[in-house]
Amino acid sequence: MSYRTQVVIGALLISLLVRTALPAYEPPVPAPRPFQYDTDTFSFANETVWNYVNGSVQSESSRPSAQKRDYTRRCFVVTRAAVQFWKFARFDPKAAPLPRDQWAARIREVTERSVWLPALPGEERTVFPGYANLREISAVDPALFQANIGFGWPVYFRAGNMPIVAPVYRETEAHLNDEIFRDLQLNDPTIVWLYNFPSLNINHVVVVIAGKREGEEFYYRVYDPNYSTGPKRLNYDAATRTFSYQPTFYFKGGTVNARAIYRGVLQ
């Protein structure tokens, strides 16, 4: 048996195991409010390890020396944490702020709760006094949040990473699009892994936060953790049953595979 045949068989077996192990999709409980980019995202951005310019890797010498990369490999972490704060935290701008060490403890309290759990009612949420929202409080001390929302290295060992080698079917993408659009009507964002395998010209995670349909086209606004200046655009074409992502500094733009993650232990 050739090596290529072994790889194909292995990928198919992984795909079968994943499909068998994952629970059926269930619509979430309607959330009290939608995820808002201006208030529910972090003030800082995840940084890339490589020096990208218009979607291509450039030499380090072309990067201005002032542009240091101190917070890298955290796209999974930042997107997950933003949704965790949306689900499990509450802000009280009229109360006095806490000391820095108490902030850290409360940040960890929020991010140690599994992101796929239902949103908590207001009285059960972790309170952050002195600030109106996540964007405002994370701008005061970005390093404190970066140090406490989670490490980057554990995401390489997620069980939900295995499907990257499995074939992506158009039917699967169509089902995912239906779920994303349906969940948005319930005010629920979807954390989506965008990748192309084996090229890996994109291997990134975003949060789908809003969308509209025009005929066969779906236009989604997403929180891209590599940016802190505004939402980006993810489209879905129902005719071809494909997702496409806009050009960014790290991706030239075009068709991507999409997969919902953090819906359970195996995702």
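Because the structure is a prediction, the values reported are computed rather than measured. (Residues numbered from 1 in each chain as written. Predicted model: local features only at pLDDT ≥ 70, side-chain atom pairs only at ≥ 80, totals over all residues. Heavy atoms only, no water.)

A. Quick look at the overall build of the protein chain. Counting its secondary structure elements, the protein chain contains seven helices and 10 strands. For the protein chain, buried positions account for 44% of its 267 residues. Surface summary for the protein chain: the accessible area is close to 13,900 Å², and the carbon and sulfur share equals 55%. (Helix = DSSP H or I, 4+ residues; strand = E, 2+ residues; numbered from the N terminus. Buried < 20%, exposed > 50% of the residue type's maximum accessible area, 1.4 Å probe, protein only. Areas by Shrake-Rupley, 256 points an atom, 1.4 Å probe, with all protein chains shown as cover.)

B. Geometry of the pairing of strand β5 (residues 190-195). Counted residue by residue, β5 has six buried out of six residues, so it is predominantly covered. Bridging between β5 and strand β6 (residues 203-214) involves six bridges; their strand directions are antiparallel. Considered in β6, the bridge of leucine 194 is made with histidine 204. When β5 meets strand β10 (residues 254-260), the two strands line up antiparallel, connected through four bridges. The partner of tryptophan 193 across the bridge, within β10, is arginine 259. (Pairing = 2+ DSSP bridges.)

C. Structural context of the environment of tryptophan 193. As for its placement among the helices and strands, tryptophan 193 is situated in strand β5. Sequence-wise, tryptophan 193 and arginine 259 are 66 residues apart; in three dimensions their C-alpha atoms are separated by 5.1 Å. When sequence neighbours within four positions are dropped, the list of residues in contact with tryptophan 193 reads Phe76, Gly160, Asn161, Ile164, Asn203, His204, Val205, Asn257, Ala258, Arg259 and Ile261. Here the side chain of tryptophan 193 touches asparagine 203 through a polar contact of 2.8 Å, side chain to side chain. (Contact = heavy atoms within 4.5 Å. Polar contact = N/O pair within 3.5 Å; in protein donor to acceptor, adjacent residues only side chain to side chain.)

D. Focus on the pattern of salt bridges. According to the stated counting rule, one finds five salt bridges in the structure shown. Note that arginine 33 and aspartate 40 form a salt bridge whose closest N and O atoms lie 2.8 Å from each other. Note on arginine 33: relative accessible area 36%, which makes it partly exposed. Accessibility expressed as a relative area gives 6% for aspartate 40, which makes it buried. Its salt-bridge partner being lysine 212, residue glutamate 214 comes within 3.3 Å of it at the nearest N-O pair. On the basis of relative accessible area, lysine 212 is assigned to the partly exposed category, the value being 46%. (Salt bridge = Lys/Arg side-chain N within 4 Å of Asp/Glu carboxyl O.)

E. Layout of the environment of glutamate 26. As for its placement among the helices and strands, glutamate 26 is situated in the loop between α1 (3-21) and α2 (37-40). In this structure glutamate 26 comes out as exposed when scored by relative accessible area, which is 66%. For glutamate 26 and arginine 263, which are 237 residues apart along the polypeptide, the C-alpha to C-alpha distance reads 9.8 Å.

F. Representation of helix α3 (residues 75-88) in the model. Helix length check: α3, at 14 residues, gives a terminal C-alpha distance of 20 Å against a target of 20 Å (1.5 Å per residue), a fit within 8%. Most of α3 sits out of view: 14 of its 14 residues are buried. (Expected span 1.5 Å × (residues − 1).)

G. Spatial organisation of a nonpolar patch on the surface. Among the surface-exposed residues, Trp116, Leu117, Val265 and Leu266 lie close enough to one another that they form a single nonpolar patch of about 360 Å² accessible area. Summarising the element assignment, leucine 117 is placed in the loop between α4 (100-111) and β4 (126-129). (Patch = residues over 30% accessible without salt bridge, like charges linked within 9 Å, V, L, I, M, F, W, Y side chains within 5 Å.)

H. Representation of unusual backbone geometry within the structure. In the segment running from phenylalanine 197 into proline 198, the intervening peptide bond is cis, with an omega of 10°. Tracing the sequence through the fold places proline 198 in the loop between β5 and β6. Within the chain, arginine 73 stands out as a residue other than glycine whose phi angle is a positive 60°. Note on placement: arginine 73 falls in the loop between β2 (56-58) and α3. Accessibility expressed as a relative area gives 47% for arginine 73, which makes it partly exposed. Unlike most non-glycine residues, arginine 241 shows phi in positive territory, near 55°. Tracing the sequence through the fold places arginine 241 in the loop between β8 (232-237) and β9 (242-245). Residue class for arginine 241 comes out partly exposed when judged on its relative accessible area of 35%.

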